[in-house]
Structure formats: C-alpha cells, structure tokens
Amino acid sequence: MTNETPEVLTHDEIVSFSRLGSKPSDDYICHVEMLDNVVRECMYVSRSYSGIASPSAKHYYASVLFTALVTKGVTLAHIMPFSPWVDKNIEHWDYASAAGIARTMLELRIAFYYLCSDECDETEWECRWNIFNLHDCVSRIRMFSALENLKEVTKLSQEADEIRDRLRGNTFFEILPEKKKKTALNGQSAYIFPLEDIAEKAGVEKTQFRWLYVLLSSHVHALPMSFYRIGDERGRGLPTPVEENHTSICLSLASTFLVSTRDEVHSLFRDFKARADEITECENREAQEEFAGLEANMKVSESDGMKIGETKVLLSSELMRVEVILIQENTVEVRYLDAKSGAIVLQSTESENGRFLDLYDLYYWTFMLNGERVTNDQMSFIDGNDFAFKADPQTRTLHFKTGLSKAIA
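Small disclaimer: the values here were computed from a predicted structure and weren't measured.

Asker: Teacher, can you tell me more about the packing of aromatic side chains here?
Answerer: Both the distance between ring centres and the angle between the ring planes are used here to describe each pair of aromatic rings. Scanning all chains against the criterion turns up twelve aromatic pairs. Ring centres of Tyr114 and Tyr191 lie 4.8 Å apart, and the angle between their planes is 65 degrees; this geometry places the pair in the edge-to-face category. Linking Tyr114 in helix 4 (residues 95–117) with Tyr191 in the loop between helix 8 (178–185) and helix 9 (195–201), this pair joins segments that are 77 residues apart in sequence. Ring geometry for Phe132 against Tyr191: centres 5.2 Å apart, planes inclined by 85 degrees, an arrangement best described as edge-to-face. One end of the pair, Phe132, is in helix 5 (residues 122–146); the other, Tyr191, is in the loop between helix 8 and helix 9, with 59 residues separating them in the sequence. The ring of Tyr114 is capped by Arg128, whose NZ or CZ atom sits 4.6 Å from the centre of that ring.

Asker: What's the story with the sheet that holds strand 4 (residues 344–351) in this structure? I'm lost.
Answerer: Hydrogen bonds along the backbone pair up the strands of a sheet, which may run parallel or antiparallel. Reading across the sheet, the five strands line up as 1-2-3-4-5 and stay open at both edges, with antiparallel pairing between neighbours. Two strands close off the open sheet at either side, each with one partner strand: strand 1 (311–316) and strand 5 (354–360). Taken pair by pair, the neighbouring strands of this sheet meet at an average axis angle of 20 degrees, ignoring direction. Where strand 3 (residues 331–338) and strand 4 come together, six bridges link them in antiparallel fashion. Bridging from a neighbouring strand, Arg335 pairs with Gln347 of strand 4.

Asker: I keep staring at the packing of helix 3 (residues 57–79) against helix 12 (residues 241–269) and nothing clicks. Help me out?
Answerer: A pair of packed helices is characterised by two quantities: the angle between their axes and the separation of those axes. At a closest axis distance of 10 Å, the pairing of helix 3 and helix 12 adopts a crossing angle of 155 degrees. By the angle between their axes, helix 3 is roughly antiparallel relative to helix 12. As for the relative orientation of helix 3 and helix 12, their crossing is left-handed in sense. Listed contacts from helix 12 to Lys58, His59, Ala62, Phe66, Leu69, Val70, Gly73 and Leu76 of helix 3 are Cys250, Leu251, Ala254, Phe257, Leu258, Thr261, Arg262, Val265, Leu268 and Phe269.

Asker: I'm lost on the pairing of strand 5 in this one. Help?
Answerer: Working note: regular strand, side chains alternate between the two faces of the sheet. For strand 4 and strand 5, the ladder comprises six bridges, and the chain directions are antiparallel. For Ser348, the partnering residue across the bridge sits in strand 5 and is Leu357.

Asker: Explain the side chain of Thr247 here, please?
Answerer: The residue Thr247 is located in helix 12 in this model. Look past the residues within four positions of Thr247 in its chain and what remains in contact with it is Tyr28, Pro81, Trp93 and Tyr95.

Asker: Even after reading the chapter, I still don't get the pattern of salt bridges, so can you show me in this structure?
Answerer: Pairing between side chains of opposite charge can happen when the charged atoms of each approach one another. As enumerated under the stated definition, the model contains 16 salt bridges in all. Between Asp36 and Arg40 there is a salt bridge, with the nearest N and O atoms lying 2.5 Å from each other. Highlighted residues: Asp36 and Arg40, both in helix 2 (residues 26–48), separated by four residues, approximately one helical turn. Taking the shortest distance from any N to any O, the salt bridge between Asp136 and Arg140 comes out at 3.0 Å.

Asker: Explain helix 6 (residues 150–168) here, please?
Answerer: Side chains of residues three or four places apart in an α-helix project in the same direction, reflecting 3.6 residues per turn. For helix 6, with 19 residues, the first-to-last C-alpha span of 27 Å sits near the 27 Å given by 1.5 Å per residue. Residues Val153, Leu156, Ala160, Ile163, Arg164 and Leu167 constitute the buried set of helix 6. Viewed end-on, helix 6 has its buried residues packed into an arc of 100 degrees, placing them on one side of the element. What points out from helix 6, more than 90 degrees from its buried face, is the exposed set Lys151 and Asp165. Residues of helix 6 that are buried in the fold lie against helix 5, helix 7 (171–174) and helix 8.

Asker: How do you make sense of the environment of Leu106 when you look at a structure like this?
Answerer: Along the chain, Leu106 falls in helix 4. Under the relative-accessibility criterion, Leu106 is labelled buried at 1%. Measuring from C-alpha to C-alpha, the distance between Leu106 and Val204 comes to 9.4 Å, with 98 residues separating the pair along the chain. Dropping the residues within four chain positions of it, Leu106 is found in contact with Val204, Phe209, Tyr213 and Phe257.

Analysis parameters
Residues numbered from 1 in each chain as written. Predicted model: local features only at pLDDT ≥ 70, side-chain atom pairs only at ≥ 80, totals over all residues. Heavy atoms only, no water. Phe/Tyr/Trp six-rings, centres within 6.5 Å; stacked < 30°, edge-to-face > 60°. Helix = DSSP H or I, 4+ residues; strand = E, 2+ residues; numbered from the N terminus. Lys NZ or Arg CZ within 6 Å of the ring centre and 35° of its normal. Pairing = 2+ DSSP bridges. Axes fitted to C-alpha atoms, helices over the stretch in contact; angles between N-to-C directions. Parallel < 35°, antiparallel > 145°, perpendicular 65-115°, else oblique. Left-handed = near helix turned anticlockwise from the far one by under 90°. Contact = heavy atoms within 4.5 Å. Salt bridge = Lys/Arg side-chain N within 4 Å of Asp/Glu carboxyl O. Expected span 1.5 Å × (residues − 1). Buried < 20%, exposed > 50% of the residue type's maximum accessible area, 1.4 Å probe, protein only. Arc of directions from axis to C-beta.

Here you go:
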C-alpha cells in the first residue's frame, strides 16, 4: 500500500474516454424511432380520454395501468442511447437497466389484460380484484412489520381479514380448486392463473414469455447471471453488438406492449368518446374565452403604466400560471409556468413587431399544426419563423398556423 493520492479524472476526461465506438446500426435507430413515436402517440391517447369519469372499476384501473405503462415507456425513451428525448454528453449503453424497465412493462401489460381486457363476468372480476387487493395488503403488512410499526400492521391485518371474508363469499372463488383458494387467501399471489397463461392470451406466446421473463428478470436482482460475463461484450456502458442487440429487444418489447394496450384502451373507452369530445369542446370554448382575456390584459399591460422589470399575473389556475414582464419600452415577455413545479413551459416576446416564440417545453405540450396533431419530430417548420401560435392553458396544447409572414398572435 502507498500513501499516494489516487488520480481523479476530470469530467471532460470521463466524457472523452466514453466517446467510443461507431454509430449504431440503422436497425437500432429504427427501434429508437419506433419507441419514440409509440410513446408520443400513447401520451396523446391518454390525454385524449382525460376528463372522463370512470364508468366502472375496470375503466378506472385501465386508466391507472395505462398511465403506469406510458410512464415507464417515457423513462425507457430517456435512457436509451441516441434518444431524441434528451441531450447527452455521451451515449451510455446499459441494456441491463433497459431490461428491468421492460420487465416491469411486461408485468403491467399482463395486469392490464387480466384486470381490464380479459372477458369475464362481474363475479369473477370481483374475485380477481379482491385477490389483487389482498396481495397489496399483505405486501404492506410485510413492509411495516420490517419497520416494527405495530399500528399500521394491526390496521392492515384487519383490512386483510375483511378482504378474505369478501373472497370466501364470492361464488366464483368458491368453485376454485382448494390449492388455489389457499394460495389466494395467504396473499402471496396476485393472480388466479399462471402468468404465462395470461401472457399468452395477451399476445405473448408461452415459450417467448418464459425466455423473456428469465432474461429480463436476471437484471432486476444482482444475482450471478446479472454480472457473470461482464467484460468487453457487455456491462461497461460502452457500445458493443451485444449491448445494441439486447437494447433493441427491450425497445421492441416496450413498443409492442404499448401498442397492444393502447388498442385495448381505445376499445374500452370507445363508447365514451362522444363524452370526451364534448368535454374537449367545452374546454376549447373556455380556453378561447381565456385567450381573449389574456390578449386584452397583454395589451393593457403595455399601456398601463408598467415599469421596466415589473411583472403582472394574467392567469393563475391549478394547471398553469401566466405572467407578463415589461422588459423594455413597448416589449413584454410572456411566461407560462407549470403550477405544480413552477418550471417555465413556454416563453414568448411581444412587441410592435409581433409575438415571437422564445422557448417551449417539448414534452409538456400537445402540438397542433393547421388543425392537425403533429409530433415533436415534425416541428421543423418552427425554424422558418413563418407561423402564428397560440397556447391553450386548459388542454396544454400549442396551436400553430403556417404560411404567414411573421409570428403574430
């Protein structure tokens, strides 16, 4: 041993060492683009059905599970190498982390199909749901027992007994084999049927499911299969054929789970689309009224004796805060801030020359161009600065019109 101080790499040195390897294959980029497009589409679908009161518990859990699935898809889109979602100093390859997310998405896909899409009568659905509830309750009992929180353990144990009583009184539960009933009542399993059987009905062939579950699960826990064979081919954050191939598998799986679930969400909420359209129309009317008020306030703010640097609040709601700042004579800066985080999600400058878009949050807004929805990768028209725009704070939508000589409100 020596007393020498170990050398510490600078940030720039680390970045330089990590910029290794050639660009990924066209096939990998196709997988990246596929997940990117699917996640954005699913986000739009989720938002398009917002505001609908759940007509049943099945619909409620469909919205919960679809939201969870899309959220994981967004996370995967952030960490995948060469992602269009984030700017990075280096492209860090870690298919093991992608595998963990993909496994969670597989399980969410199974849960969605089992609880929301699979056809069964109300009695069987109540049985499935209460077994879910009991599994959740027992899991929380174990957690609070580890913390030695007797108060919570006692409360949850009472709830678990009530759920067991409901299950015993369920006619579908009564006809289950005794072994299944015993397993369900101890709260150790959330499902009546084997996962591979549910997965097959949900579109994942049994043999494929078994292989995938072993592969993906091996990277969730730090067991030998997760770190054996780490070396030049994988596990060091560097680009290799193995990293690229396995990451592609994860992206492809995630896209498949999202698309299948998206289609079933459409099917579940199809009968309520008219109501969704009615809500959207109502929100748009309210938004137009707010637009008129905002524009009037903006004009007033320019001639209402504001001092340079002074700020006025034009709108404050549960979703958004809109404020205007006089930055110089006859020029104001308009900021749209998310009400929860306080982050600026849109900023524009208004002067005698018109209203110009300074910045916007790419993932906060839904984009509409000439009345049709567009994705982020279709926003190149902004570079031409030949558009008008308007922000809808109610629906978090940016409306653009092109073919104009300048960007004016």
